[in-house]
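Structural overview for review
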Amino acid sequence: MSSPEYSPGLVVQRVAPPLQLSDFKLIAFDMDSTLINIECIDEIADAVGKKAEVAAITEATMRGEIKDFKESLRRRVALLEGVPASSLQQVYDERLRLNPGAAELVAACKAAGLKVLLVSGGFTFFANRVKDRLGIDFARSNLLDEAGGKLTGRVVTQSWGDICDGAEKRRTLLEVASLLGISPAETIAVGDGANDLPMMGEAGLSVAYHAKPKVREQAMVAINEGGLDRLLEILN
C-alpha cells in the first residue's frame, strides 16, 4: 500500500487536513528526541563510559521491545550511580539542542492560544530548562536523586508518583485537559517512542516526529523529514 504522503516526508492518515490550530487548546510534547536532539540519559551515561550499555536499553524501550518503561528506566538510572551531578549541566551546555522547528511550533501554538505541556520520561534538570527556554506552561518529568554532588542511581518519588512512563504521560495529558476545562479531542500530542503512544491515543491529533516505526504507523500525522514546524503545513 502506498503511504498517504501529504507532501514529501509528511504523512497524514485518519484525519483530513486542513485543520485549524485554533480548534485545539493544548499541545503536549515528549522531550527527548522530540523537542530536543538527544536522549539525555544516554549522554549522562557517557560521563561514566556506559553510553553504549544505556543507549541499547533506551533504543529497545522506544521501539517497544522492552514493555515495562519503569523497569527500563530504573535499570538505566542505576547505571548512573556515581556520576557527578555537574555532568548534567555539561550535557545541557554541550550536547542538548532544540530540534529544528521546535521554537517555531511552540511559538505558533502559543500565538493561537494553546497551552503547552512538556511530559517526559527524561529528567527535571533538562525539562525545566527546556520549559523556561521555550515558555512552556506545564512540565512533568523524572527527578534524579543526588547525594554529595553525585547521582545515587535512583529516581525521587514526587507528588504524582515516581516515574513518568506512558501511563503517566496519558494521565498528565488528561489531567491538564481537565484543569483547562477542555476535552481530549481539543489536544495534540507529539512524540517519537512507544511510551508516547498512550497519550497520543487520547489526543484529538497525534503527531509522530522522526519516530519509531510502530509510532509512525499509529499516529495521524508523521513528520519523517524536516522540522517540528512542518505540523503547521496541515494546521491553518
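Calculation rules
Residues numbered from 1 in each chain as written. Predicted model: local features only at pLDDT ≥ 70, side-chain atom pairs only at ≥ 80, totals over all residues. Heavy atoms only, no water. UniProt positions renumbered as here; feature names shortened; annotations may be inferred. Helix = DSSP H or I, 4+ residues; strand = E, 2+ residues; numbered from the N terminus. Polar contact = N/O pair within 3.5 Å; in protein donor to acceptor, adjacent residues only side chain to side chain. Contact = heavy atoms within 4.5 Å. Core = buried A, V, L, I, M, F, W, Y, C linked by side-chain atoms within 4.5 Å. Buried < 20%, exposed > 50% of the residue type's maximum accessible area, 1.4 Å probe, protein only. Salt bridge = Lys/Arg side-chain N within 4 Å of Asp/Glu carboxyl O.

Looking up the protein chain in an unreviewed UniProt entry gives the name Phosphoserine phosphatase, with the organism given as Variovorax humicola. Here is the UniProt Cofactor (unreviewed entry) comment for the protein chain, exactly as written: "Mg(2+)". Of the comments in the UniProt record for the protein chain, the one headed Pathway (unreviewed entry) reads "Amino-acid biosynthesis; L-serine biosynthesis; L-serine from 3-phospho-D-glycerate: step 3/3."

Okay, the side chain of S120 next. Relative to the helices and strands, S120 resides in strand β4 (residues 115–123). Among the polar contacts made by the side chain of S120, one reaches the main-chain amide nitrogen of G122 at a distance of 2.7 Å. Excluding residues that lie within four positions of it along the chain, S120 makes contacts with D30, M31, D32, R140, S141, N142, C164 and K169.

Turning our attention to the nonpolar core. Formed by 58 residues in total, the largest nonpolar core has its most connected members in I27, L35, I44, F126, I188, L205 and L231. Filtering out sequence-adjacent residues up to four positions away, L231 remains in contact with I27, L105, I188, L205, V207, V221 and I223. With 21 residues, the next largest nonpolar core counts L117, V119, L173 and A211 among its residues.

One pass over the structure, following the stated rule, counts 17 salt bridges. In this structure, D46 engages R95 in a salt bridge whose closest nitrogen and oxygen atoms are separated by 2.8 Å. Note that D46 is positioned in helix α1 (residues 40–46) and R95 in the loop between α4 (86–94) and α5 (102–111), a separation of 49 residues in sequence. By relative accessible area, which is 31% here, D46 ends up partly exposed. The shortest N-O distance in the salt bridge between D162 and K70 comes to 3.5 Å. One end of the pair, D162, is in the loop between β6 (150–156) and α7 (166–180); the other, K70, is in helix α3 (residues 69–78), and 92 residues separate them in sequence.

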